[in-house]
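Overview (structure and organization)
If you want the building blocks of each chain, they are given just below.
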Amino acid sequence: MTQPMPDSPPGTNRHARRWGRFTLHYIEMIVAMFAGMIALGLLWSFALGIDLSYARDPELAYLLMAFDMSAGMGAWMRFRGHAWASTLEMCGVMFAPVVPLFPLLWLGVIDGMTLMITAHVAMFPLMLAVMLRRRDEYAHTHH
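Residues numbered from 1 in each chain as written. Predicted model: local features only at pLDDT ≥ 70, side-chain atom pairs only at ≥ 80, totals over all residues. Heavy atoms only, no water.

1. Considerations on the pattern of salt bridges
Where charged atoms of side chains with opposite charge meet at close range, the side chains can pair. Evaluation of the coordinates by the stated rule reveals six salt bridges. For arginine 56, the salt bridge goes to aspartate 57, with nearest N and O atoms at 3.0 Å. Of the residues examined, arginine 56 reaches a relative accessible area of 53% and is grouped as exposed. Several salt bridges converge on common partners, so that one network encompasses Glu89, Arg133, Arg134 and Glu137. (Salt bridge = Lys/Arg side-chain N within 4 Å of Asp/Glu carboxyl O. Buried < 20%, exposed > 50% of the residue type's maximum accessible area, 1.4 Å probe, protein only.)

Following this line, the structure appears as structure tokens:
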């Protein structure tokens, strides 16, 4: 685990740089997540012929996509020097939204497309929450 950086007083250049690095890291994580989703999604579809749909296979479609996003983001996090604990914690965020959503799907309250959209919308604040929990790690420049 990284050593905590002392909080910089608001209004200082150090404080601004620290939050700038944090914000850049958040954006990097989102880009890596989508890169994994697109690259692995193409692999499954074109190379292996796996064609899941949210109308027909909502649970499997979502879980495979969450895996794809986790792989992209996890690879980037490890490249940036994050420990396995932080990496797995962030990857867990890709799967967490379905915990309350799958039962709603099974009860017929939502459909597969609503599941996918709602889970994606929930991922962004959940990612941010995990990053804020470890903000010193995500604001460091040594990665």
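2. Comments concerning the packing of aromatic side chains
By the definition in use, this model includes four aromatic pairs. Relative to phenylalanine 124, the ring of phenylalanine 34 has its centre 6.4 Å away and its plane inclined at 20 degrees; by these criteria the two rings are stacked. Linking phenylalanine 34 in helix H1 (residues 13-47) with phenylalanine 124 in helix H5 (residues 112-133), this pair joins segments that are 90 residues apart in sequence. Overall, the relative accessible area of 28% leaves phenylalanine 34 in the partly exposed class. Of the residues examined, phenylalanine 124 reaches a relative accessible area of 24% and is grouped as partly exposed. (Phe/Tyr/Trp six-rings, centres within 6.5 Å; stacked < 30°, edge-to-face > 60°. Helix = DSSP H or I, 4+ residues; strand = E, 2+ residues; numbered from the N terminus.)

3. A few points about helix H3 (residues 84-95)
Between its first and last C-alpha atoms H3 spans 17 Å; for twelve residues at 1.5 Å apiece the expected length is 16 Å, and the two agree. The complete set of buried residues in H3 reads Ser86, Thr87, Met90, Cys91, Val93 and Met94. When H3 is viewed along its axis, its buried side chains cluster within an angular range of 140 degrees and face the same direction. Along H3, exposed side chains directed more than 90 degrees from the buried face belong to Trp84 and Leu88. Considering only its buried residues, H3 is in contact with H1, helix H2 (58-79), H5 and helix H6 (135-139). (Expected span 1.5 Å × (residues − 1). Arc of directions from axis to C-beta. Contact = heavy atoms within 4.5 Å.)

4. Quick look at the packing of H2 against H3
It is at 9 Å that the axes of H2 and H3 come closest, and there the two elements cross at 155 degrees. In this view, H2 runs roughly antiparallel relative to H3, as classed from their interaxial angle. You can see that H2 and H3 cross each other, and the crossing is right-handed. For the pair H2 and H3, the contacting residues are Tyr62, Leu63, Ala66, Phe67, Met69, Ser70, Met73, Gly74, Met77 and Arg78 in the first and Trp84, Ser86, Thr87, Met90, Cys91, Met94 and Phe95 in the second. (Axes fitted to C-alpha atoms, helices over the stretch in contact; angles between N-to-C directions. Parallel < 35°, antiparallel > 145°, perpendicular 65-115°, else oblique. Left-handed = near helix turned anticlockwise from the far one by under 90°.)

5. Brief notes about the environment of threonine 114
Structurally, threonine 114 is set in helix H5. Side-chain polar atoms of threonine 114 contact the side chain of aspartate 111, separated by 2.7 Å. (Polar contact = N/O pair within 3.5 Å; in protein donor to acceptor, adjacent residues only side chain to side chain.)

6. As for H1
In this model, H1 (35 residues) spans 49 Å end to end at C-alpha, consistent with the 51 Å of a helix rising 1.5 Å per residue. Taken as a whole, H1 has its buried residues at Arg18, Phe22, His25, Tyr26, Glu28, Met29, Ile30, Ala32, Met33, Gly36, Met37 and Trp44. On its buried face, H1 sits against H2, H3, H5 and H6. Positioned one or two residues after H1, glycine 49 has a phi angle of 70 degrees, which is positive.

7. Things to note about the environment of glycine 41
Examined against the element boundaries, glycine 41 turns out to sit in helix H1. Here glycine 41 falls in the partly exposed class, since its relative accessible area comes to 27%. Along the backbone, glycine 41 and leucine 64 are 23 residues apart, and their C-alpha atoms lie at a distance of 8.5 Å. Setting aside anything within four residues of it in sequence, one finds glycine 41 in contact with Gly36 and Asp68.

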